[in-house]
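Structure assessment
Spelled out from the first residue to the last, the chains are:
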Amino acid sequence: MLFVKLSPRQIASYSYACVKLQKILNKMRRARKMLEDIAQSSFDKSFAKCVYLFTSESLQFENEIHSQINSFNCTQLNLKAEEKQETPDALLSTKNMELVCSYLEENYIKSYKQLLKDKHLSSSLKSLMNNQLQAFLASLTQLRLFNEVEASVN
C-alpha cells in the first residue's frame, strides 16, 4: 500500500479548491433542477427537449466536478444553506428561450468565468473548468439558434 504525505500547503490548496468546487456544484444543481421543472411544465415539446438536453449535459459536468472533489479526498462540505434558490417567476411563466438563456448565463457562464479567474486554483482544474465552460457556451449558442429558428418558422 502506498501512503502519500501532503504538505500543509497542499492540504490548504485542496481544501480551498473543494470549497470553490462545492459552491459551483451547488449552484449548478439548483439551476439544473429549476430548468428541469421548466421543461417538465412546458407544453412545447421542442422547447422542453432543448432544455432537457442542456440539463443532461449539466448533470454530466456535475458528476465530473463531484469526482474531482472526491479525488481531492475532501470531507463532505455542507454549503447548501449558504445560497437560497430564487424562483424567477417570469422564467417559469413564459417558457421564453431568451429568458432561459439569460438564466443560464447568470447561473453557469458567469460562475465558471469567475472561477477561472481564481489564481489559487491549479492549471489542471482550470483546464477541466474551461472545457466545461466551452461546452456550455456551445450549448447556449444552440439554444439561441433554436429560438431564432423557431421564430422564423412561425
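Criteria and cut-off values
- Residues numbered from 1 in each chain as written.
- Predicted model: local features only at pLDDT ≥ 70, side-chain atom pairs only at ≥ 80, totals over all residues.
- Heavy atoms only, no water.
- Helix = DSSP H or I, 4+ residues; strand = E, 2+ residues; numbered from the N terminus.
- Buried < 20%, exposed > 50% of the residue type's maximum accessible area, 1.4 Å probe, protein only.
- Contact = heavy atoms within 4.5 Å.
- Areas by Shrake-Rupley, 256 points an atom, 1.4 Å probe, with all protein chains shown as cover.
- pLDDT = per-residue confidence, 0-100.
- Polar contact = N/O pair within 3.5 Å; in protein donor to acceptor, adjacent residues only side chain to side chain.
- Axes fitted to C-alpha atoms, helices over the stretch in contact; angles between N-to-C directions.
- Parallel < 35°, antiparallel > 145°, perpendicular 65-115°, else oblique.
- Left-handed = near helix turned anticlockwise from the far one by under 90°.
- Nonpolar A, V, L, I, M, F, W, Y, C, P; charged D, E, K, R; others polar.
- Salt bridge = Lys/Arg side-chain N within 4 Å of Asp/Glu carboxyl O.

**Structural notes on the overall build of the protein**
Each helix and strand counted, the protein has 5 helices and 0 strands in total. Counted from the first residue to the last, the protein has its helices and strands arranged as α-α-α-α-α. The burial tally for the protein puts 35% of its 154 residues in the buried class. Sequence separation of at least 24 residues holds for 79% of the intrachain contacts in the protein that already meet a minimum separation of 6. For the protein, the exposed area adds up to about 9,700 Å²; of that, 54% sits on carbon and sulfur atoms.

**Quick word on the confidence of the model for the protein**
Of all residues in the protein, 82% have pLDDT values of 70 or greater, and the mean over the chain is 85. Scored below 50 in pLDDT, residues 79–83 shows 8 contacts in the model against residues more than four places distant or in partner chains.

**Concerning the environment of E62**
Residue placement: E62 occurs in helix α2 (residues 45–71). Residue classification places E62 among the buried residues on the basis of a relative accessible area of 2%. C-alpha separation for the pair E62 and L21, spaced 41 residues apart in sequence, amounts to 9.8 Å. Contacts of E62, omitting those with residues within four sequence positions, involve L25, M28, R29 and R32. Separated by 2.7 Å, the side chains of E62 and R32 make a polar contact.

**Remarks on the packing of helix α1 (residues 8–41) against α2**
At their nearest, the axes of α1 and α2 sit 9 Å apart, and the two run at 160 degrees to each other. By the angle between their directions, the pair α1 and α2 is classed as roughly antiparallel. Note that α1 runs across α2; the crossing there is left-handed. Grouping the amino acids of the contact of α1 with α2 by side-chain chemistry returns 17 nonpolar, 6 polar and 4 charged.

**A word on the pattern of salt bridges**
Any two side chains of opposite charge can pair, on the condition that their charged atoms come close. Taken as a whole, this structure holds 6 salt bridges when the rule is applied. Linking R29 and E62 is a salt bridge whose minimum nitrogen-to-oxygen distance equals 3.9 Å. Of this pair, R29 sits in helix α1 while E62 sits in helix α2, and the two are 33 residues apart along the sequence. Note that E62 and R32 form a salt bridge whose closest N and O atoms lie 2.7 Å from each other. With E62 in helix α2 and R32 in helix α1, the pair connects residues that are 30 residues apart, well separated along the chain. The two residues E62 and R32 agree in class, both being buried.

**Observations concerning the environment of A31**
Structurally, A31 can be placed in helix α1. For the pair formed by A31 and S58, sequence separation is 27 residues and the distance between their alpha carbons is 9.3 Å. When neighbours within four sequence positions are excluded, A31 is seen to be in contact with Y103, N107 and Y108.

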